[in-house]
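What the coordinates show
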Protein chains: 2
Amino acid sequence: MNYFSTDFRLGILGGGQLGKMLLYDTRKFDIATNVLDPSKDAPSQYGAHQFFQGDLMDFETVYRFGKTVDVLTIEIENVNLDALDKLEEEGLKVFPSPKTLRLIQNKGNQKDFYTTHNIPTAPYKRFSDIEALKTAATANEVTMPFVWKSAQFGYDGNGVKVVRSITDLDVLPNVECIAEVMVPFKNELAVIVARSASGEIKTYPVVEMEFHPEANQVEYVICPARIDSAVADKARAIALQVSEKFNHVGLLAVEMFQTQDDDVLVNEVAPRPHNSGHYSIEASYTSQFEQHIRAILDLPLGNTDSKVAGIMVNLVGAEGYTGQVYYEGMEDILAIEGVTPHIYGKRETRPFRKMGHVTIVNSDMTKAREIAQQVKETIKVISK
Amino acid sequence: MNYFSTDFRLGILGGGQLGKMLLYDTRKFDIATNVLDPSKDAPSQYGAHQFFQGDLMDFETVYRFGKTVDVLTIEIENVNLDALDKLEEEGLKVFPSPKTLRLIQNKGNQKDFYTTHNIPTAPYKRFSDIEALKTAATANEVTMPFVWKSAQFGYDGNGVKVVRSITDLDVLPNVECIAEVMVPFKNELAVIVARSASGEIKTYPVVEMEFHPEANQVEYVICPARIDSAVADKARAIALQVSEKFNHVGLLAVEMFQTQDDDVLVNEVAPRPHNSGHYSIEASYTSQFEQHIRAILDLPLGNTDSKVAGIMVNLVGAEGYTGQVYYEGMEDILAIEGVTPHIYGKRETRPFRKMGHVTIVNSDMTKAREIAQQVKETIKVISK
């Protein structure tokens, strides 16, 4: 298949920041793209060859969009899977496959999948709705505190809540969910695995994630993780095991916990470019976005090593500000060496909204970490 | 001034590959752009917020385009300067300024400028037309062989010819020109200087350029140049001197010869991102395209150091092929570590047409050079 400067058309479901960053590399390779997103202001409207506005959960919209392309991928998991099934049946290449997406879309199924395949994960129980969970909690069949997770449609801390008492359950939505044992952990780690259509596999280095305690959003992603090499090897091996069992095509971001005893437990996965891999644009020989394109088009995978140490700081809307965004301190951070802001293109900020990220690269990790802190303390996403 | 996710609009005259690569960084910063290019198939039609088709040499077209933007830059020198003068008079920020462009557009003026400012350059004579040059050559007022250069509109080897006999002059166009002494040189070098609106200045490392002997197009650009540090220092100092005298805003790519005696002579300059800086996308802390944007918007300049060694190979149309392009050997080069192809998005290939480039990065320069050779021998721009 010839992709470069031809009539070949790659479809991307979702036009957010991940789609936007994918388009840097489709443009670089001159691979033509169609993008579907519900918002006319989607960040990916620029850079695509054709942009379609439409509902990603609507069967007809997704099916008809799929008919305009030669290979279909996603930048968000919440898309109409029945449409993908039908497109795949009719011969379209869909990566990740609807089968993979179906397993991942539902956190209950995802956890069961780990259990079935002997992949270490925190103990959990599934519940069809909040009443069933309340009954179990009242009967002490689940132990407080535990982590409540909505089975579907959760992202960036939405759909996840620590439950410390029965009354905490009263504010939760009445949806299918899981209750997961709270595992005390030292670190949150992630490994991105790339797997091409013909089965070539590469893993990126283990990264370390620091979360904002309240918003439950990643604050820093640090590559390489400052952990023992034995733990790093274990995390990479488990990520590979997960990748093999999912048999996915494209990227699989595997989020993990490093426990107090240096066990590694799988938390969850995302079958696409991931926040934990944004550092790779500046730090790696091959960015995760280019790698995803290589994988789904069955091109040879690129080198996943890093040129330099990389740290990513998320730019989220500051509390107390809603409206036209203003990036306070941008000039100050641009004056620091090795600092690259990525502005996603959302005009309106609101508290904790993901508005962009900043990558800090340096040949020296300690220096990079210092600069990351400085960046974080300098830039503020507000409105004026 | 606030550029990020606002109504601010940057205008780019020219929509070729340089514009296309500039747009990666305007997208990254979410700076809105308008692009003007004569071709509806221009590579920069994707990624701009608005694309206008029109003649860059037409006063009205350029003037009206300028009225749609807040800051105006170029990716090609051959644009209507009278329109830029008028826009600048009316208060538009135009970088580089029409004054800088006027000096550079005419190679005779450019050479006189070097002479006036004591900047070392190869000896030359100016001629108003080919007849005047023939008269001088017949009277032995210029010595054969010499380098004939069209004063205007030359690029990529067009408008440059080595003249070895009077009869060589018969095939040359009847235009204003210069006759330059052929200086035997060891190396062709280049330094890109970035200068911001408020006068901050940074230079990129000296690169070494290897030219295709027939097509007079760059084959390899090697960063850092494998030259003596004393010569590198001299080249950087001369580039800075040129930059100061031009008083430009934005990038200035300074092409130079290293003579047999290790003198450094300025050949010519380009006041914009340049082929000799393409390596910077993968190898440098700040790519030349991001740097150009920082400079013209008066943002702090980024670090010009390299993370790793970088070599660029131009992808030009192979001789004997005209038509729908096919990149033979693409999968083979993608399988080599540290290899990044950039495909400009031109559907039709023809002999020596610039179709793309490939960057090779490696922590080891010797290894990078070996891989560059391998890439060059593997990929071929043909039609099928």
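Since the model is a prediction, treat every value here as computed from it, not as a measurement. (Residues numbered from 1 in each chain as written. Chains lettered and ligands numbered in written order. Predicted model: local features only at pLDDT ≥ 70, side-chain atom pairs only at ≥ 80, totals over all residues. Heavy atoms only, no water.)

**Considering the relation of the copies chain B and chain A**
Put simply, the test is: Superposition of the copies was done by least squares, using only C-alpha atoms of residues whose pLDDT is at least 70 in both. When checking whether two residues touch, look at their non-hydrogen atoms; a contact exists if any pair is within 4.5 Å.
At an RMSD of 0.0 Å, chain B and chain A line up after a rotation of 180° and a shift of 0.0 Å along the axis. Overall, the copies show the geometry of a two-fold rotation axis. In terms of proximity to the rotation axis, the leading residue of chain B is G47 of chain B, whose C-alpha is 1.9 Å off the axis. With an isologous cut-off of 70% or more, the 100% of interface residues of chain B that recur at the interface of chain A puts this contact in the isologous class.

**Regarding the sheet that holds strand β17 (residues 323–328) of chain B**
All names here are of chain B. Definition in use: Strands are treated as partners if at least two bridges between them are detected by DSSP. Secondary structure counts use DSSP, requiring at least four H or I residues in a row for a helix and at least two E residues in a row for a strand, with both numbered from the N terminus.
Overall, antiparallel pairing links the three strands, which are arranged β19-β17-β21 in an open sheet. Because the sheet does not close on itself, it has two edges, and the strands there are β19 (348–349) and β21 (380–383). Relative to β21, β17 runs antiparallel, the two sharing four bridges. The partner of V325 across the bridge, within β21, is S383.

**So, the domain arrangement of chain A**
All names here are of chain A. Quick reminder of the rule: Residue ranges assigned to the domains are those given by an automatic or database domain assignment. Accessible-area loss on putting two parts together, using a 1.4 Å probe and summing over both, is the definition of buried area adopted here. The term salt bridge refers to a pairing of a side-chain nitrogen on Lys or Arg with a carboxyl oxygen on Asp or Glu at a separation within 4 Å. Counted as a polar contact is a pair of N or O atoms within 3.5 Å, where, for protein atoms, one must be capable of donating a hydrogen and the other of accepting one, and residues adjacent in sequence contribute only when both atoms are in side chains.
Here chain A is partitioned into domain 1 (9–94), domain 2 (123–181), domain 3 (183–307) and domain 4 (309–384). Taken residue by residue, the interface counts 15 residues in domain 1 and 14 residues in domain 3. Between domain 1 and domain 3, the buried area comes to about 1,300 Å², and carbon and sulfur atoms account for 76% of it. Counting across the domain 1 and domain 3 interface gives two salt bridges. Across the pair E290 and K28 runs a salt bridge, and its minimum N-O distance is 2.6 Å. Summed over the shared surface of domain 1 and domain 3, the number is four residue pairs in polar contact (both at pLDDT 80 or more). Those elements that provide at least two residues to the side of domain 1 that touches domain 3 are α1 (17–28) and β4 (71–74). No other element matches α1, which puts six residues into the side of domain 1 that touches domain 3.

**Some details on the pattern of salt bridges**
Residue and element names in this part refer to chain A. Stated precisely, the cut-off is as follows: Buried residues are those whose accessible area, probed at 1.4 Å on protein chains only, stays under 20% of the maximum for their type, while exposed residues exceed 50% and partly exposed ones sit between those limits.
Here the structure, examined in full by the defined rule, presents 48 salt bridges over all chains. With its nearest N and O atoms 2.6 Å apart, the salt bridge here joins E180 to K111. Taken together, the positions of E180 in strand β9 (residues 177–181) and K111 in helix α5 (residues 107–116) put the pair 69 residues apart, joining distant regions of the chain. Of the residues examined, E180 reaches a relative accessible area of 4% and is grouped as buried. Bridged by salt links that share partners, the residues D25, K28, E290 and R294 form one connected network.

**A few points about the UniProt feature "binding site: ATP" (unreviewed entry) in chain A**
Residue and element names in this part refer to chain A. For clarity, the cut-off: UniProt positions are given in the numbering used here, feature names are shortened, and annotations may be inferred rather than shown by experiment.
The feature "binding site: ATP" (unreviewed entry), as annotated in UniProt, sits at K107, K149, E180, V181, M182, V183, E188, N267 and E268 in this numbering. In this structure V181 touches A122 and P123, once residues within four positions along its chain are discounted. With respect to the helices and strands, the residue E188 is situated in strand β10 (residues 185–195). With a relative accessible area of 10%, E188 lands in the buried category. Those residues in contact with E188 that lie beyond four places of it in its chain are V207, E208, M209, F211, M256, F257 and N267.

**A closer look at the environment of L299 of chain B**
Relative to the helices and strands, L299 of chain B is located in the loop between α9 (288–296) and β16 (309–316). Expressed as a C-alpha distance, the spacing of L299 of chain B and A197 of chain B, which sit 102 residues apart in the sequence, is 8.5 Å. Look past the residues within four positions of L299 of chain B in its chain and what remains in contact with it is E331 and L334 of chain A together with Y3, F4, S196, E200 and R294 of chain B.

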